[in-house]
Amino acid sequence: MLAASYSAASSAGDNANDSLFHHGLDPVTVTAPTRSERARDESPGSIEVITSEQIKRSGATMLDQVLRNQSSMFVSPDGTAHSIRGAKREDTVILIDGRRVLGEPSRRYALNRIPTGRIDRIEIVKGPGSVLYGSDALGGVINIVTRRPEPGLQGSIDLQAGARTEDGEAQQYNASFNLLGGSEDTLVSLFGQAQSRDGYKEEETGNVGLGGDRKTPSDDSAPGWANNLDLEDTYTIDQYRRDEADVYTIGGSIEHWFNNRFSVTLEGSYMKEERRRDYINTGRNNTALEHNDSYRPAFNIPVSWHDDNQRYEIEASADWQATENLALNHRIYYSRYEKDRFVPVIPYQDLGWATQSDSDFRERDITLTDLRNEFLSTWTPDPNHTLQLGFEHLDHEQEDHIDGQQGSTRWQAGVFAQHEWQATDRLDVIYGARYDDASIDQDNTSVEGGIIYALAPQMQLRANYAQGFKYPETRDLYADTHTPAGDLNLGARVIRDEKKDTHELDPEESENLEIGLRGSLGTPRERELRYDLSAFYTEIDNRIERVRYRDEGYRTFYNIGKSRTRGLEAAIEADWSPTWGTDLSITWLEDASWREVTRQDLDYEFIPNAPEFSGMVSIRWQPREAWSLQARARFTDEYYTATDDDEVDESYTTVDLNANYRPTNWEGTRFYAAVDNIFDEGNDSSLYADPGRFARVGMEYEF
């Protein structure tokens, strides 16, 4: 929320008894909007910042929980869907200290596998960011800035447990540690976090259907081949509404200064993740019976989805202050992501399979690797001018370990320039351009420009125009798999018996225009009201969507047209006294729809995960130095769930309560507790994956 925008991020060395809610501090510095350190209020676009103290008082352990509780973004209750101003989750670039995070192209699990234990702040850039970050930054950028070591020794340990208050189910446990420090010349860090989360389950019954007519096995008109199976008419299971997940992360860094101008840093991390969910598959499951070189189908069968994922990352970077005015940075990092998916039938013997592994028709075993080189030069000839020149190169490889599947390789490269110019005492101008090329025979040019003009000492006018783009994913071009419902999922360049021809995909392209006001009212700073208001318009052309051909039984990817989003945002923070204050944020998407659909066989109208209205209000109170409380209410309007469907998820309002206690005689110790969704709000659409009233308790020790 805006509150964070005016709060300095805390470091491990801060006094543990400092207020959790004091906002009368210097403005926070951000790096994501310009790739240089710059006051957040000096950015022409919309920037939202969440500080480490806000993360602490929320009790969140994964990134999705923080963004759902503290930002104005839309994030689904299970964290698998998110949106910035109506953009898809695939339209957001996710960074850790400016480094891209590798994972599935869908970004389904991207937010709920990044732990919060070492986060110093989160920077959210709303709107295209391709000039600085290249492909994928159609809708925004999320940059996680981690805690950096300082000379001496700092560290923390955090333990947390939680469960549903109703029945003690959906239990969750988390443990994390950070160790940082070193000398003036050499700084090191070590971190780790483990989270184990039980699934949230409810009883569900599936009515079995056989063949194209979906006849039940006991029906007199059921297909004759059903007599060779032992299928029930119905199956009842505990269906997961939120998956079971175990996520483990460990890593560290070492930074050495050879002199006061040159340093080298090495970093590495490892993430292991295991996920499971049991559900009734409404799509096709094959039985063991064959006919005309294909298997007999059964529908509404219980299956068990298992994911076993790993990610390895290693980075080397060098920083050189070549002259007083010229800084050079080069870094190279390697990311390897391994995905192993297994989706067997639960009553596999009833479908005629001898073993459960035989019944798996959704298997995926792939390895993705990225090797990135990034170079950035920053020249500041005088205090009024900063010029940046940068170059990036990516080598990406996908290895498919399933028989009959093929891998692929590709490269992308880009060069960009940006100028930050303080034209007058009142006027700042920032503009830049970028050119990208790729091995898939496509190139792209992006531009961006904005101004910040001080209308008064406490009021700034800002305006920004930005372009974004996204190359087709490897999945969009070369996928040859099955969807969870059993349909073939085929890339644009794939030919199979069902799909006769190949076709090409153009890059998606976005344009965003934004104008806003920000400033503050009142003195002293401890009793200020701070505001940020903006109006925006975004168009995304050449939208790539997966199109279903029902008769042929497959889906493939096409550029289907142009979407648009326009709306208003408002954020207000008020410190009414040194002990209490309020925060408010509102997003109104006046229009989030398809402006044009170029494929005549489609009837697309709605943009998913784009509620027309959403808002959050919080009340923070610190009656004593050791105690702090916060109550937060979030309203989310109804929203559509799929591009090609008019199904609507219900609107909802959830209320959370957080408490923190720092004993004055136990320096560095903090106890905290929270109750999420205290009124047990629930429904079977938008809150389907929310476990209801959920209590959490934890303890943190910092030194």
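Residues numbered from 1 in each chain as written. Predicted model: local features only at pLDDT ≥ 70, side-chain atom pairs only at ≥ 80, totals over all residues. Heavy atoms only, no water.

1. Here we look at the nonpolar core
Using the following cut-off: Think of a nonpolar core as a cluster: buried Ala, Val, Leu, Ile, Met, Phe, Trp, Tyr and Cys residues, connected wherever their side-chain atoms sit within 4.5 Å. Note on exposure labels: buried denotes an accessible area under 20% of the residue type's maximum, exposed denotes more than 50%, and partly exposed covers the range between, all computed with a 1.4 Å probe on protein chains only. The numbering of helices and of strands both runs from the N terminus, where a helix is a DSSP run of H or I of at least 4 residues and a strand a run of E of at least 2.
Membership of the largest hydrophobic core comes to 19 residues, with the highest contact counts inside it found for Leu67, Ile122 and Ile144. For this core, the secondary structure elements donating two or more residues are α3 (63-70), β6 (92-96), β8 (119-126) and β9 (140-146). Counting 17 residues, the second-largest nonpolar core is a separate cluster that includes Tyr109, Leu210, Tyr235 and Leu351.

2. Concerning the environment of Met62
Within the secondary structure layout, Met62 lies in the loop between α2 (52-58) and α3. In sequence terms Met62 and Pro115 are 53 residues apart; their C-alpha atoms lie 4.5 Å from each other.

3. Some points on the sheet that holds strand β3 (residues 46-51)
To keep things clear, this is the line we draw: Strands are treated as partners if at least two bridges between them are detected by DSSP.
Overall, mixed pairing links the 5 strands, which are arranged β3-β8-β9-β6-β7 in an open sheet. Across the chains shown, the open sheet's two edge strands, defined by having one partner strand only, are β3 and β7 (99-100). Across 5 bridges, β6 lies against β9 in parallel orientation. For Thr92, the partnering residue across the bridge sits in β9 and is Gly140.

4. Quick notes on the packing of aromatic side chains
Applied cut-off: Only the six-membered ring of Trp is used, alongside the rings of Phe and Tyr, when aromatic pairs are assigned; centres must lie within 6.5 Å, and planes under 30 degrees apart are stacked while those over 60 apart are edge-to-face, with the rest tilted.
By the definition in use, this model includes 13 aromatic pairs. Arranged with centres 6.4 Å apart and planes meeting at 35°, the rings of Trp576 and Trp580 form a pair that is tilted. On the accessibility criterion, Trp580 (39% relative accessible area) is partly exposed. Taking 6.1 Å as the distance between ring centres and 50° as the angle between the ring planes, the aromatic pair formed by Trp594 and Tyr604 counts as tilted. One end of the pair, Trp594, is in strand β31 (residues 580-597); the other, Tyr604, is in the loop between β31 and β32 (613-621), with 10 residues separating them in the sequence. For the pair shown, Trp594 and Tyr604 are each scored as buried.

5. Examining unusual backbone geometry
Of note, the phi angle at Asp97 is positive, near 55°, even though the residue is not glycine. Counting through the fold element by element, Asp97 comes out in the loop between β6 and β7. Phi is positive for Asn609, which is not a glycine, with a value near 55°. Looking at where Asn609 falls in the secondary structure, it is placed in the loop between β31 and β32.

6. A closer look at a nonpolar patch on the surface
As a reminder of what qualifies: For patch building, the residue pool is restricted to those with more than 30% relative accessible area and no salt bridge; the joining distance is 9 Å between like charges and 5 Å between nonpolar side chains (Val, Leu, Ile, Met, Phe, Trp, Tyr). Under the convention used here, a 1.4 Å probe and the Shrake-Rupley method define accessible areas, while residue burial counts only the protein chains that appear. Salt bridge, as used here: a side-chain nitrogen of Lys or Arg that lies within 4 Å of a carboxyl oxygen of Asp or Glu.
Residues Leu153, Ile157, Leu159, Phe177, Leu179, Leu190, Ile250, Met699, Tyr701 and Phe703 make up a contiguous nonpolar surface patch of about 870 Å² in total accessible area. Of all the secondary-structure elements, those providing two or more residues to the nonpolar patch are β10 (152-164), β11 (172-182) and β38 (694-702). The greatest single-element share of the nonpolar patch, amounting to 3 residues, is contributed by β10. For Tyr701, the position within the fold is in strand β38. The partly exposed category is assigned to Tyr701, whose relative accessible area is 36%.

7. A short note on the side chain of Ser106
Formally: We call two residues in contact whenever any of their non-hydrogen atoms come within 4.5 Å of each other.
Within the secondary structure layout, Ser106 lies in the loop between β7 and β8. Ser106 has contacts with Arg89, Glu90 and Arg475, leaving out every residue within four places of it along the chain.

8. Concerning a negative patch on the surface
Definition in use: This count recognises Lys and Arg as positive and Asp and Glu as negative, with His and chain-terminal groups excluded. Working definition for charges: the position is that of NZ of Lys, CZ of Arg, CG of Asp or CD of Glu.
A grouping of Asp603, Glu605, Asp644, Asp645, Asp646 and Glu647 is seen on the molecular surface, where their side chains present a negatively charged patch. Turning to its location among the elements, Asp646 is positioned in the loop between β34 (639-640) and β35 (648-649). For Asp646, a relative accessible area of 54% puts it in the exposed group.

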